[in-house]
Amino acid sequence: MNTPHQMTTYPAIIGSLIAQARTEAGLLQEELAKRVGVPQSTLSRIERGSAHLTVNQLRKIAPALGRQPSQIVELAEQAELLLQVNGAEVKEVIEPDALKRGVVIFLSGVALMALIAFLVAKSKS
């Protein structure tokens with residue numbers, strides 16, 4: 001029996017990093033969305049990885065979280081490498097037919113957040 005492999009997307013990694021940084025900053029989605037000038041629903045989709053983050057949005061979100069855009073991208077690259085080393089496939093986007101077949105298993109938000117927390121703690125030491 002073939003076991004489906006774990007898969008996530010690069011937008012989901014970036015979104016998780018933004019969500020974690022927002023939480024660490026003590027901000028609600030509504031507060032960050034207002035600071036950035038996007039609807040809360042858009043920020044929610046960005047954090048879930050279901051909306052593509054534009055460069056302009058990243059340039060607004062990062063400083064609102066006390067970070068540089070390059071820091072978020074660097075952490076995302078580290079997370080991507082760690083995920084791949086642990087057997088996960090990281091794609092830019094998930095193809096609709098893959099979702100229909102049910103082959104894709106997304107990494108749970110908790111596991112991804114734990115990984116990101118580890119990377120953040122490691123980068124601070």
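What counts, and where the lines are drawn
Residues numbered from 1 in each chain as written. Predicted model: local features only at pLDDT ≥ 70, side-chain atom pairs only at ≥ 80, totals over all residues. Heavy atoms only, no water. Helix = DSSP H or I, 4+ residues; strand = E, 2+ residues; numbered from the N terminus. Contact = heavy atoms within 4.5 Å. Areas by Shrake-Rupley, 256 points an atom, 1.4 Å probe, with all protein chains shown as cover. Expected span 1.5 Å × (residues − 1). Buried < 20%, exposed > 50% of the residue type's maximum accessible area, 1.4 Å probe, protein only. Arc of directions from axis to C-beta. 1 Å grid on protein atoms, 1.4 Å probe; cavity = no way out; pocket = protein on both sides within 12 Å on 5 of 7 lines; lining within 4 Å. Points joined across faces, edges and corners; volume = space filled by probe spheres on them. Nonpolar A, V, L, I, M, F, W, Y, C, P; charged D, E, K, R; others polar.

(A) How the structure looks around the overall build of the protein chain. Within the protein chain one finds seven helices and three strands. In the protein chain, the order of α-helices and β-strands from amino to carboxyl end is β-α-α-α-α-α-β-α-β-α. For the protein chain, the proportion of contacts with a sequence separation of at least 24, taken over those separated by at least 6, is 73%. Only carbon and sulfur atoms are counted for the fraction: they give 56% of the accessible area of the protein chain, which is about 7500 Å².

(B) Structural view of helix H5 (residues 69-85). In this model H5 runs 25 Å from its N-terminal to its C-terminal C-alpha over 17 residues, within 8% of the 24 Å that 1.5 Å per residue would give. Taken as a whole, H5 has its buried residues at Ile-72, Leu-75, Ala-76, Ala-79 and Leu-83. Along the axis of H5, the buried positions cluster into a sector of 105°, meaning they face one direction only. Away from the buried face of H5 by more than 90 degrees, exposed residues Ser-70, Leu-81 and Val-85 are located. Downstream of H5 by one or two residues, Gly-87 has phi in the positive range, about 90°.

(C) Representation of empty space enclosed by the protein within the structure. As enumerated under the stated definition, the model contains one cavity of 30 Å³ or more in all. Looking at the largest cavity, the residues that line it are Leu-17, Gln-20, Ala-21, Glu-24, Arg-67, Ile-72, Leu-75, Ile-116 and Val-120. Listing elements by their share of the lining of the largest cavity, those giving two or more residues are helix H1 (10-24), H5 and helix H7 (109-124). Examining the composition of the lining of the largest cavity, we find that four residues originate from one element, H1, more than from any other. In the lining of the largest cavity, the residues fall into six nonpolar, one polar and two charged.

(D) Local environment of the environment of Ala-33. Examined against the element boundaries, Ala-33 turns out to sit in helix H2 (residues 29-36). Taking the C-alpha atoms as reference points, Ala-33 and Ser-44, eleven residues apart in sequence, are found 8.9 Å from one another.

(E) Molecular detail of the layout of surface pockets. Counted as a void, the second largest pocket has a volume near 160 Å³. Taken together, Tyr-10, Pro-11, Ile-14, His-52, Leu-53, Thr-54, Val-55, Leu-58, Val-73 and Glu-92 make up the full set of residues lining the second largest pocket. Looking at the lining of the second largest pocket, the elements that each hand over two or more residues are H1 and helix H4 (55-64). Broken down by element, the lining of the second largest pocket gets its largest block of residues, three residues, from H1. Within the lining of the second largest pocket, the residues separate by chemical class into seven nonpolar, two polar and one charged.

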